[in-house]
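Letter by letter, the chains look like this.
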Amino acid sequence: ALQKFQDPVEDDLDVFGFGIDEEPISEELALAGKWLHRAIIRRRKYVPTPPKPPPTTPVPDIPIVHDDVLPAKTEHKVRTVRGVVRVYKNEDDMAETKELYPVVTAAEFCRDLRATLRTVASGPIKSFCYRRLMLLEAKFKMYLLLNEEREQDAQKKVPHRD
């Protein structure tokens, strides 16, 4: 039985290359977009977004000395609950069971896994992904044709190439 999910926001469909202002898309393609959108939402639950890297500044050539020094001690606390290690920022958070990295239940994980496997096995999804892959491959080949000389010049300028 197919579960009812909230419809994705129209702006989110543009992630898959569905232009809202373009020609109307088929029902099969719209369904594939909705299923892929749900998969992305499920993914966000398990893969946290990484923090933005600090702005890069040129680093002078300084020899790096590797010391076998352990990092400073932190206030983090850990506790095992039914075979799952829970991490807390400090003792107070541990008392409040305020986890640093929330863990989903086994039932929720199994539900998400089944939904993901159903999405992967879907015919419209496979067709959409194949067409999208072919489009991206064609775009990459076009990039190579247009920028071949620039790429070769950039590679020749690197002194430590193999």
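For every chain, the first residue of its written sequence is number 1, and the numbers climb from 1 along that sequence. Only residues with pLDDT of at least 70 get local features here, since the model is predicted, and only at 80 or more are side-chain atom pairs given and counted; chain-wide, interface and lining totals rely on the full set of residues. Each side-chain value is worked out from all heavy atoms of the structure, with water and hydrogens disregarded.

*Asks:* Hey, could you run me through helix α4 (residues 106-121) in this one?
*Replies:* The periodicity of an α-helix, 3.6 residues per turn, causes residues three or four places apart in sequence to face the same way. Compared with an ideal rise of 1.5 Å per residue, which puts 16 residues at 22 Å, α4 spans 22 Å between its outermost C-alpha atoms and is within 8% of the ideal. All of the buried residues in α4 are D112, A115 and T119. Summarising the axial view, the buried residues of α4 lie within an arc of 60°, below the 170-degree limit, and thus occupy one face. The exposed residues of α4 that point more than 90 degrees off its buried face are A106, R114, L117, V120 and A121. Where α4 is buried, its residues meet α2 (27-46) and α5 (123-157). A run of H or I in DSSP becomes a helix once it reaches four residues, and a run of E becomes a strand once it reaches two; helices and strands are each numbered from the N terminus. A helix is expected to span 1.5 Å multiplied by its residue count minus one. Working definition: with a 1.4 Å probe on protein chains only, accessible area under 20% of the residue-type maximum means buried, over 50% means exposed, and in between means partly exposed. For this quantity, the arc is that covered by the directions from the helix axis to the C-beta atoms. A contact between two residues is defined here by any heavy atoms of the two lying within 4.5 Å.

*Asks:* What am I meant to see in the nonpolar core here?
*Replies:* When a protein is soluble and globular, its nonpolar side chains tend to lie buried together. Core analysis: the biggest nonpolar cluster contains six residues, these being L29, A32, W35, L36, I125 and F128. Considering each element in turn, this core owes the most residues, four residues, to α2. Only buried residues count toward a nonpolar core, which is a set of Ala, Val, Leu, Ile, Met, Phe, Trp, Tyr and Cys residues joined through side-chain atoms within 4.5 Å.

*Asks:* Please clarify how the side chain of N90 should be interpreted in this entry.
*Replies:* Note that N90 resides in the loop between β2 (84-88) and α3 (91-95). In terms of polar contacts, N90 uses its side chain to reach the backbone amide nitrogen of D93, at 2.9 Å. When near neighbours in sequence (up to four residues on either side) are disregarded, N90 contacts E75 and K77. We define a polar contact as two N or O atoms separated by no more than 3.5 Å, with the added condition that, inside protein, one atom must be a possible hydrogen donor and the other a possible acceptor, whereas residues neighbouring each other in sequence contribute only through side-chain atom pairs.

*Asks:* How should I be thinking about the pairing of β2 in this particular structure?
*Replies:* Within a regular strand, the side chains alternate between the two sheet faces. Strands qualify as paired when DSSP identifies two bridges or more between them. Bridge count for strand β1 (residues 77-81) against β2 is five bridges, and the pairing is antiparallel. Among the inter-strand pairings, V81 is bridged to a residue of β2, identified as V84.

*Asks:* Looking at this structure, how should I read α2?
*Replies:* Helix length check: α2, at 20 residues, gives a terminal C-alpha distance of 29 Å against a target of 28 Å (1.5 Å per residue), a fit within 8%. Within α2 the residues assigned to the buried category are L29, A32, G33, W35, L36, H37, R38 and R42.

*Asks:* I would appreciate a short explanation of the pattern of salt bridges in the present structure.
*Replies:* Note on pairing: side chains with opposite charge can pair once their charged atoms come close. Criterion for a salt bridge: a side-chain nitrogen of Lys or Arg within 4 Å of a carboxyl oxygen of Asp or Glu. The tally for this structure, following the rule as stated, stands at five salt bridges. The closest approach of N and O atoms between D112 and K45, which form a salt bridge, is 2.7 Å. Linking D112 in helix α4 with K45 in helix α2, this pair joins segments that are 67 residues apart in sequence. Classification of D112 as buried rests on a relative accessible area of 10%.

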